[in-house]
Amino acid sequence: MQSVLNAQAEPALHLKYLIVGTVVLCAIIWIMVMIVLAWSLLRAYRSPGEAAPETERRMGRVVLSAAAATVFVITGLTIASFYATGSLGRPESAPVTIKVRAQQWWWQFIYDEPDPAKAFQTANELHIPVGTDIRLELEAADVIHSFWVPSLTGKRDLIPGRRNVLILRADRPGIYRGQCAEFCGLQHSHMALFVIAEDNASFDRWAADQRSEARTPSDGEAVAGKAVFMAKPCAACHSIRGTEASGTTGPDLTHIASRQTIAAGLLDNTRGALAAWIADPQTLKPGNNMPMVPLSSNELRQITAYMDSLR
Amino acid sequence: MREARQYRTDPPVASALEILRMMPGGFNGTPPEVYFALGKPFAQNAYDLSQGKRLYSWFGCSSCHGDGRGAAGPSFLDGWWFYGPGIASIAASIRDGRPHGMPAFRDKMTIDQIWQLAGYIQTIGAYSAKMGAPSRNDDKQTRPAENRAPASILFHEGPVAPNPQQGPMP
């Protein structure tokens, strides 16, 4: 699912050729060395104790050509590597710009628009239109993270106080898994993201859905859950557009039920997983910033129903 | 020394941390027994103090108290505490709010977060240095570090007459 060898876009292909080429070339050299070694051992075994005087000069030639070949191969690989990685961050003007903010330990994707009423944000799921260059502006909120979707492009670091740029492009629709690639603390391995590339029509439909405010729940349990959410500390960190919840430190939950996973790829987004997460986030993902909020079992069920209604 | 980190407060401990025994009028008080049983983590543990520092910015404390020097709200750095320097009193101020504009954060934070924040605020205005301290900011420094007992550097403790409304120390 997530592999450098499963390249689906141009920069990822360049990187794949680079790594496959390097491995093949090194394998050939290794086999050649082994053959020469075996040959010389065999020869020494058959005629022990003789060193012909003229082999001295021949050995000099062999060493010289081996050194020249090494320099040639290393120079070649260096140039190839410059070309392959140089294509990653071409600062072209891309039609779509998305701000990526990495936090311990989740991804915030902000779809800014000139009209602020149309801007929206999502978490851990980056939807992009197929065949379009996407300009990702990479920022970090706390420590250094690294954005890496191996099937689409190479990795690029997100550094606090600095904005890096990465051009992302998917030529085929699909779901590409990505991962933080720079150790960023305890839950570094639980910081996954999904790039969902879809055709323009479905992307526009998705964006329109995301732009809309949260649905008002109609089910009795979910209505009660909304009241609990607003009264408890939940609303201080999370925001749900269209309600009074406007916290900015946790992921935006306006359309949480439309996402495939919660807690940055840790759990599938099911009602049971939501309940487990809300009941005790610190046992599932120790050290994350969501505290364990004391809730009664009724309140937990109601909040879960409310989260499940936020499509 | 690397200190223990407590990520998950057990529900019985959390409900015990709610019990603040305050002097009449809300001045000074004694923390709950469980706080001493745990070894006073919120006053000393560097992890709890840095979580408190994070909460200080997340919950917008600086919009009234600035970087600790005060603005619309009182300063923490001058070592002068309207309700006494005890951690229980600071936790009560955060949890229940105070007159003249300090809102109650009871419904905005969990009780262990309130204690973490109280520990950090006590550290900002301490007259004697603590062993534990949160890490410093990356941006420009505007005041002495938390582990330097900033109040004793910037102000003299005495001979200021005690606030007549302030109760005795716990």
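Parameters and conventions
The residue numbering used here restarts from 1 in each chain and proceeds along that chain's sequence as written. Each chain is given a letter, starting from A, and each ligand a number, starting from 1, according to the order in which they appear as written. Only residues with pLDDT of at least 70 get local features here, since the model is predicted, and only at 80 or more are side-chain atom pairs given and counted; chain-wide, interface and lining totals rely on the full set of residues. Side-chain descriptors were evaluated using all non-hydrogen atoms of the structure, hydrogens and water having been removed beforehand. The helix count covers DSSP runs of H or I at least four residues long, the strand count covers runs of E at least two residues long, and both are numbered beginning at the N terminus. The contact definition used throughout considers only heavy atoms, calling two residues in contact when any of these lie within 4.5 Å. Only the protein chains shown count as cover for residues, and the accessible areas themselves come from Shrake-Rupley with a 1.4 Å probe. Pairing between strands is defined by DSSP: at least two bridges between the two strands are required. To define axes, lines are fitted to C-alpha atoms, for helices over the stretch in contact only, and angles between the resulting N-to-C directions are given on a 0 to 180 degree scale. Two parts lose some accessible area (1.4 Å probe) when they are put together, and adding that loss for both gives the buried area. Just to be clear on terms, a salt bridge is a Lys or Arg side-chain nitrogen sitting within 4 Å of an Asp or Glu carboxyl oxygen. Whether a residue is buried, partly exposed or exposed follows from its accessible area with a 1.4 Å probe, protein chains only, as a fraction of its type maximum: under 20%, in between, or over 50%, in that order. Helix span, as expected, comes to 1.5 Å for every residue beyond the first. Angle categories: roughly parallel below 35 degrees, roughly antiparallel above 145, roughly perpendicular from 65 to 115, and oblique for all the rest. The hand of a helix crossing depends on one turn: near helix anticlockwise from the far one by less than a right angle means left-handed, and clockwise means right-handed. Each residue is assigned to one class: nonpolar for Ala, Val, Leu, Ile, Met, Phe, Trp, Tyr, Cys and Pro, charged for Asp, Glu, Lys and Arg, and polar for all the others, Gly among them.

Participant: Quick question: what am I supposed to make of the overall build of chain B here?
Facilitator: Scanning chain B for helices and strands turns up eight helices and two strands. If you list the helices and strands of chain B from N to C, you get α-β-β-α-α-α-α-α-α-α. When contacts within chain B are restricted to residue pairs at least 6 apart in sequence, long-range pairs at least 24 apart make up 61% of them. On chain B, roughly 9000 Å² of surface is accessible, and the fraction owed to carbon and sulfur atoms is 56%.

Participant: In this structure, what is going on with the sheet that holds strand 1 (residues 96-103) of chain A? I would like to understand it.
Facilitator: Residues and elements named next belong to chain A. The strand order 3-2-1-5-8 describes an open sheet built from five strands, whose pairing is mixed. At either end of the open sheet lies a strand with only one pairing partner, and these are strand 3 (120-123) and strand 8 (164-168). Taken pair by pair, the neighbouring strands of this sheet meet at an average axis angle of 25°, ignoring direction. Against the sheet, helix 3 (residues 200-211) makes contact with strand 2 (106-111) and strand 3, and its axis sits at roughly 100° relative to strand 3, the strand it touches most.

Participant: Teacher, can you tell me more about the interface of chain A and chain B here?
Facilitator: Accessible area lost upon the coming together of the parts is a frequently used measure of interface size. Opposite the 18 residues of chain A that make contact, chain B presents 13 residues. Summing the contributions of chain A and of chain B, the shared interface buries around 1300 Å²; its carbon and sulfur component is 61%. There are one salt bridge connecting chain A and chain B. Between B:Arg8 and A:Asp280 there is a salt bridge, with its nearest N and O atoms 2.6 Å apart.

Participant: Is there a simple way to explain the environment of B:Asn147 in this structure?
Facilitator: Residues and elements named next belong to chain B. Of note, Asn147 is situated in the loop between helix 7 (111-124) and helix 8 (150-154). Classification of Asn147 by relative accessible area gives partly exposed; the value is 36%. Distance from Asn147 to Lys130, taken between C-alpha atoms, is 5.8 Å for residues 17 residues apart in sequence. Residue contacts for Asn147: discarding those within four places in its chain leaves Ala129, Lys130 and Ala133.

Participant: Help me understand the sheet that holds strand 6 (residues 145-148) of chain A in this model?
Facilitator: Sheet strands pair by backbone hydrogen bonding; their relative direction is either parallel or antiparallel. All names here are of chain A. Taken together, the five strands give an open sheet; going across it, the order is 4-10-9-6-7, and neighbouring strands pair in mixed fashion. The sheet is open, and its two borders are formed by strand 4 (125-129) and strand 7 (156-158), each paired with just one other strand. The average undirected angle you get between the axes of adjacent strands in this sheet is 25°. Where strand 4 and strand 10 (residues 192-198) come together, five bridges link them in parallel fashion. Bridging from a neighbouring strand, His127 pairs with Ile196 of strand 10. Relative to the sheet, helix 3 contacts strand 4 and strand 10, its axis offset from that of strand 4 by approximately 135°.

Participant: Explanation requested: helix 8 (residues 297-309) of chain A in the structure shown.
Facilitator: The periodicity of an α-helix, 3.6 residues per turn, causes residues three or four places apart in sequence to face the same way. For helix 8 of chain A, which comprises 13 residues, the first-to-last C-alpha distance of 19 Å matches the rise-based estimate of 18 Å (1.5 Å per residue) to within 8%. Residues of helix 8 of chain A that are buried in the fold lie against helix 4 (220-231), helix 5 (234-237) and helix 6 (271-279) of chain A.

Participant: Can you help me understand the packing of helix 6 (residues 87-96) of chain B against helix 7 of chain B in this one?
Facilitator: Geometrically, a packed helix pair is captured by the angle between its two axes and the distance between the axes. Residues and elements named next belong to chain B. Between helix 6 and helix 7, the least distance of the axes is 9 Å, while the angle of their chain directions is 125°. Judged on the interaxial angle alone, helix 7 and helix 6 are oblique. Helix 6 and helix 7 meet at a crossing whose hand is right-handed. Contact residues: Ile87, Ala88, Ile90, Ala91, Ile94 and Arg95 in helix 6; Ile111, Ile114, Trp115, Leu117, Ala118, Gly119, Ile121 and Gln122 in helix 7. Each residue belonging to the contact of helix 6 with helix 7 can be placed in one class, and the counts come to eleven nonpolar, two polar and one charged.

Participant: Looking at this structure, I do not really get the pattern of salt bridges. What am I missing?
Facilitator: Two side chains of opposite charge can pair, provided their charged atoms sit close to one another. Counting across every chain of the model gives 21 salt bridges over all chains. With a shortest N-O distance of 3.1 Å, A:Glu113 and A:Arg211 are connected by a salt bridge. One end of the pair, A:Glu113, is in the loop between strand 2 and strand 3; the other, A:Arg211, is in helix 3, with 98 residues separating them in the sequence. Judged by its relative accessible area of 25%, A:Arg211 falls in the partly exposed class. One salt bridge in this structure joins B:Glu33 and B:Arg21, with 3.5 Å as the shortest N-O distance. Of this pair, B:Glu33 sits in helix 2 (residues 33-37) while B:Arg21 sits in strand 1 (residues 21-22); the two residues are twelve residues apart in sequence, bridging distant segments of the chain. For B:Arg21, a relative accessible area of 36% gives the class partly exposed. Through salt bridges with shared partners, one network takes in A:Arg101, A:Arg135, A:Glu137, A:Glu139 and A:Arg163.

Without other data, these values stay purely geometric and don't point to any function.
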